[in-house]
Amino acid sequence: STGLMAGKRGLIMGLANDKSIAWGIAQQLAAHGAEIAFSYQGDALKKRVEPLIASIGMSEMVECDVSSEESMDALFARLAEKWGKIDFLVHAIGFSDKNELRGRYVDTSRQNFLMTMDISVYSFTAVCQRAAAMMNEGGSLLTLTYYGAEKVMPHYNVMGVAKAALEASLMYLAEDLGKDGIRVNAISAGPIKTLAASGIGDFRYILKWNELNSPLRRNVTQEEVGKASLFLLSDLGSGTTGENLHVDCGYHVVGMKSVDAPDI
Ligand code: NAD
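Residues numbered from 1 in each chain as written. Predicted model: local features only at pLDDT ≥ 70, side-chain atom pairs only at ≥ 80, totals over all residues.

As annotated in an unreviewed UniProt entry, the protein chain is Enoyl-[acyl-carrier-protein] reductase [NADH] from Fuscibacter oryzae. UniProt lists a comment for the protein chain under the heading Catalytic activity (unreviewed entry), and it reads "a 2,3-saturated acyl-[ACP] + NAD(+) = a (2E)-enoyl-[ACP] + NADH + H(+)". In its Pathway (unreviewed entry) section, UniProt records this for the protein chain: "Lipid metabolism; fatty acid biosynthesis." (UniProt positions renumbered as here; feature names shortened; annotations may be inferred.)

This is the structure:
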């Protein structure tokens, strides 16, 4: 361990299982000395999350549904009671009706549009409100986004629109909280096979396409997203805020299919 996160305490939201991006981040932060509390959605996940976090020496876990103000208030009240102040927060949460993560964006329903925006965009702002109030100077907040915010990706649909809004909100959050010495950043992760990703139509095709066409000619790992989070959440990232760091094996710079890529 480098001790990069030694003495730092924080919250990771969005751990569902050992495939979660939140898990890649948790492992890195713990390995570098962080003390971490976790929030999980719904009792069904409790049994899965408990042994996972125990394996990295953690035990604090709080149920939280980000679509409920009461649930969020209860989570932060618990953190305030336990630690008083926190140093970092990871928001690894997104959701949309999987029936609208296939077919055409133009067919998105009002109800799912609003629900997707609420859970995948507003929740980060709501979390920042509460976390900033209890952050030490040098605090750092992180969310997860995807390239579907910047360019059209197959089936990403309303989630792409939500991620674009999340990336815009990041700029405003960075400005507002920067005056208090708090940083707000995003990681734009390349495709990784997780529970949430499996809801996206033809996700295996997207994975294969990225593997064949990204500059590094492979897909990014959970561990690599974790390592990038270590930079943004530790003092290494002290000069960086409002940034959307692409951890995608370089895919975001690619303009077209590489000449050496086989057909898929
Ligand atoms: P995941 O399914 O492991 O995590 C998604 C999490 O969101 C789950 O823990 C789930 O419980 C939580 N969640 C959903 N609705 C919630 C609610 N109402 N209240 C509280 N929690 C709720 O999948 P993941 O891929 O690790 O997703 C984490 C983040 O990474 C998401 O924002 C996702 O969009 C983003 N991301 C994923 C990829 C990818 O390819 N997997 C790429 C780029 C960005």
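Engineer: In this structure, what is going on with the overall build of the protein chain? I would like to understand it.
Structural biologist: Scanning the protein chain from terminus to terminus reveals seven helices and seven strands. What you see in the protein chain, going N to C, is helices and strands ordered as β-α-β-α-β-α-β-α-β-α-β-α-α-β. Seen along its three principal axes, the alpha-carbon backbone of the protein chain occupies a region of about 55 × 40 × 40 Å. Across the protein chain, every contact between residues at least 6 apart in sequence was considered, and the portion connecting residues at least 24 apart equals 76%. (Helix = DSSP H or I, 4+ residues; strand = E, 2+ residues; numbered from the N terminus. Contact = placed C-beta atoms within 7 Å.)

Engineer: Before we go on, may I ask you to explain the pairing of strand S4 (residues 86-91) in this structure?
Structural biologist: Sheet faces and side chains relate simply in a regular strand, where the side chains alternate between the two faces. Within S4, six of the six residues are buried, leaving the element largely enclosed by the surrounding structure. Across four bridges, strand S1 (residues 9-13) lies against S4 in parallel orientation. Note that in S4 the partner of Gly10 across the bridge is Phe88. Bridge analysis of S4 against strand S5 (residues 135-145) gives five bridges, and the strand direction is parallel. Bridge pairing in S5 links Leu89 to Leu141. Following the chain from S4 across helix H4 (residues 110-132) to the adjacent parallel S5, one finds a crossover that is right-handed. (Buried ≥ 20, exposed ≤ 12 C-beta atoms within 10 Å, placed from the backbone. Pairing = 2+ DSSP bridges. Right-handed = clockwise from strand over helix to strand, strands pointing away.)

Engineer: What am I meant to see in the site of the ligand here?
Structural biologist: Taken together, 26 residues form the shell around the ligand, and within it Ala16, Ser20, Gly94, Thr194 and Ala196 come nearest. Of all the elements in the fold, those that place two or more residues in the shell around the ligand are helix H1 (21-31) and S5. When grouped by side-chain class, the residues that make up the shell around the ligand number 18 nonpolar, seven polar and one charged. (Near = placed C-beta within 6 Å. Nonpolar A, V, L, I, M, F, W, Y, C, P; charged D, E, K, R; others polar.)

Engineer: Would you explain the confidence of the model for the protein chain in this entry?
Structural biologist: Low pLDDT means the predicted atomic positions in that stretch should not be read closely. Taken over all residues, the pLDDT of the protein chain has a mean of 97, while the share at 70 or more is 100%. Looking across the protein chain, the model is least confident in S5, with a mean pLDDT of 95, and most confident in strand S6 (residues 183-189), with 99. (pLDDT = per-residue confidence, 0-100.)

Engineer: Sorry, what's going on with unusual backbone geometry here?
Structural biologist: In terms of backbone geometry, most residues other than glycine have negative phi values and most peptide bonds are trans. The backbone of His155 shows a phi angle near 70°, a positive value even though the residue is not glycine. Looking at where His155 falls in the secondary structure, it is placed in the loop between S5 and helix H5 (157-178). Look at His155 and you get buried, because 21 C-beta atoms sit within 10 Å. Positive phi, close to 55°, is recorded for Arg217, a residue that is not glycine.

Engineer: Got a minute to help me understand the nonpolar core in this structure?
Structural biologist: Generally speaking, nonpolar side chains in soluble globular proteins are found buried as a group. Counting 76 residues, the largest nonpolar core has Ile12, Leu15 and Phe38 as its most contacted members. Element by element, the count of residues in this core is highest for H5, at nine residues. (Core = buried A, V, L, I, M, F, W, Y, C linked by C-beta atoms within 7 Å.)

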